[in-house]
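Below, each chain spelled out in residue letters.
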Amino acid sequence: ASAVVVGPDGAASSATARPTATLDLLTYGTPAPLGLDPGAADRSFDYVIGRAPGFLDGKPGMHWTVNGHTYPDVPMFEVAEGDVVRMRIDNRSGAPHPMHLHGHHVVVLSRDGVAASGSPWWTDSLEVADGEVYEVAFLADNPGIWMDHCHNLPHATEGLVAHLMYAGVTTPYLLGHDSGNVPE
Ligand SMILES: [Cu+2]
């Protein structure tokens, strides 16, 4: 094994073995009220991440898909302000993805059908391994049109991007290169 120690001149270093246990936030801590009721959700969405042959920016290849669609032809998830929203993230793409919804915090409800039993696992980015299925919930309390994407940015550039939109909210901005935007 090798390691890098960063510090001022003369800093002492001591090799620290990698812990043998991995912290699992699904079971860590003590349950507490979520402040929302996922059992009475107003909307439920699937976010199935796959990979399929297709075209992205005119280039053929094996591209990420969201619910079977290739960016930018990915239907938006539509909510109304005040909705309690459940989302099932199902990764069948062959790679892990740190999934990130802008504008909201989500709480993990379950992983692979096992309910969360620790402290409420609120998160901004959720690492979803290949083959895993997470259920999360959030309160739609921040009207806008928000990216819901993989935060491994090369993956986002490759099209692993969807959007959450609120009813009645519009934008003059367009998706794609014709917009003149090059956020990546
Ligand atoms: Cu990714």
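The structure reproduced in this document is the subject of the present report. (Residues numbered from 1 in each chain as written. Predicted model: local features only at pLDDT ≥ 70, side-chain atom pairs only at ≥ 80, totals over all residues. Heavy atoms only, no water.)

A word on the overall build of the chain
Looking only at helices and strands, the chain features one helix and 12 strands. Seen in sequence order, the chain has helices and strands lined up from the N terminus as β-β-β-β-β-β-β-β-β-β-β-α-β. Across the chain, the fraction of contacts at a sequence separation of at least 24, relative to all contacts at a separation of at least 6, is 71%. For the chain, the exposed surface amounts to about 10900 Å²; the carbon and sulfur share of it is 55%. (Helix = DSSP H or I, 4+ residues; strand = E, 2+ residues; numbered from the N terminus. Contact = heavy atoms within 4.5 Å. Areas by Shrake-Rupley, 256 points an atom, 1.4 Å probe, with all protein chains shown as cover.)

Points about the side chain of Asp 148
Relative to the elements of secondary structure, Asp 148 occurs in strand β11 (residues 145-150). What Asp 148 contacts, discounting residues up to four positions off in sequence, is Tyr 47, Phe 77, Met 87, His 100, Leu 101, Val 161, Ala 162 and His 163.

Section: the pairing of strand β5 (residues 97-101)
Within a regular strand, the side chains alternate between the two sheet faces. With respect to burial, β5 is a largely interior element, five of its five residues being buried. Because side chains alternate across β5, one face comprises the buried residues His 97, Met 99 and Leu 101, and the other comprises Pro 98 and His 100, equally buried. Two strands pair when backbone bridges link them, and β5 and strand β9 (residues 125-128) are joined in this way by four bridges, in the antiparallel orientation. Within β9, the residue paired with Pro 98 across the bridge is Glu 127. Note that β5 and β11 share three bridges and pair antiparallel. Across the sheet, His 100 pairs through a bridge with His 149, a residue of β11. (Buried < 20%, exposed > 50% of the residue type's maximum accessible area, 1.4 Å probe, protein only. Pairing = 2+ DSSP bridges.)

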